[in-house]
Amino acid sequence: MHINSIKIILLIFISSIFSSCNGQAKSEQKIAKNKITKLGKSVLQLDNKIWVIFQDSKQNYWFGSNGKGIYKFDGKKITQFTTNDGLVHNHIRGIQEDKQGNLYIETHNGISKYNGTEFTTLQPVKSLKNEWKLKPNDLWFGYNANDLYRFDGSFLYELKLPRKDLTKAFGIATEG
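Residues numbered from 1 in each chain as written. Predicted model: local features only at pLDDT ≥ 70, side-chain atom pairs only at ≥ 80, totals over all residues. Heavy atoms only, no water.

1. Observations regarding the sheet that holds strand E5 (residues 78-81)
Pairing is antiparallel across the open sheet formed by 5 strands, whose spatial order is E1-E5-E4-E3-E2. The outermost strands of the open sheet, each flanked by one partner alone, are strand E1 (41-43) and strand E2 (50-55). Each strand of the sheet is rotated relative to its neighbour by a mean of 30 degrees, with strand direction disregarded. (Pairing = 2+ DSSP bridges. Helix = DSSP H or I, 4+ residues; strand = E, 2+ residues; numbered from the N terminus. Axes fitted to C-alpha atoms, helices over the stretch in contact; angles between N-to-C directions.)

Here's what the structure looks like:
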């Protein structure tokens, strides 16, 4: 009878150790989830150099500035997003939205994708055959003066513009 009580005590002791470790893991997971920081900062007004305005499918207004990032107005408050939040650059040149509700913010340094919680930067890939396609859900960007970019939902293709000798073609001299 003495051996059975020792087995029971050991069994209780071992099970309490495992259950207490599980509880710690769960509480650590809860803490990690709570550490997610909210992007952007609340501001009282827009910058005075707004270059582009866009209304998304959720009826939010987005204002792209010339150096202060992008602003979101949800009807109640204004939130400003900058490179500190993951935006590729603070000079905004265009804003588009895809069918899934992701925003694409065009700057002269690249394209930022905003999925509602975080910014990522799209990395262009050179179109090997310089294939110009037009599909219904493609988004087009021209963030630098030399090339165009087509985003098909997966890849941002860099497409080369045809180069012409403007003096020959139009009879005008160009600089550079």
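2. Side note on the pairing of strand E7 (residues 103-107)
With respect to burial, E7 is a largely interior element, 5 of its 5 residues being buried. Burial along E7 is two-sided: the face carrying Leu-103, Ile-105 and Thr-107 and the face carrying Tyr-104 and Glu-106 are both buried. With 5 bridges joining them, strand E6 (residues 92-97) and E7 adopt antiparallel strand pairing. Among the inter-strand pairings, Gly-94 is bridged to a residue of E7, identified as Glu-106. Hairpin connection between E6 and E7: a loop of 5 residues separates the two successive antiparallel strands, and Gly-101 in this loop has a positive phi of roughly 90 degrees. Here 5 bridges tie E7 to strand E8 (residues 110-114), and the two strands are oriented antiparallel to one another. Following the sheet pairing, Thr-107 is matched in E8 by Gly-110. (Buried < 20%, exposed > 50% of the residue type's maximum accessible area, 1.4 Å probe, protein only.)

3. A look at the side chain of Asp-47
Along the chain, Asp-47 falls in the loop between E1 and E2. Salt bridges are absent for the buried Asp-47, whose nearest opposite-charge side chain, Lys-68, sits at 4.9 Å. Within the structure, the side chain of Asp-47 is placed 3.1 Å from the backbone nitrogen of Lys-49, a separation counted as a polar contact. If sequence neighbours within four positions are ignored, Asp-47 has contacts with Ser-65, Lys-68 and Tyr-71. (Lys, Arg positive; Asp, Glu negative; His and termini not counted. Salt bridge = Lys/Arg side-chain N within 4 Å of Asp/Glu carboxyl O. Polar contact = N/O pair within 3.5 Å; in protein donor to acceptor, adjacent residues only side chain to side chain. Contact = heavy atoms within 4.5 Å.)

Functional significance is not addressed by these values, which are geometric in nature.
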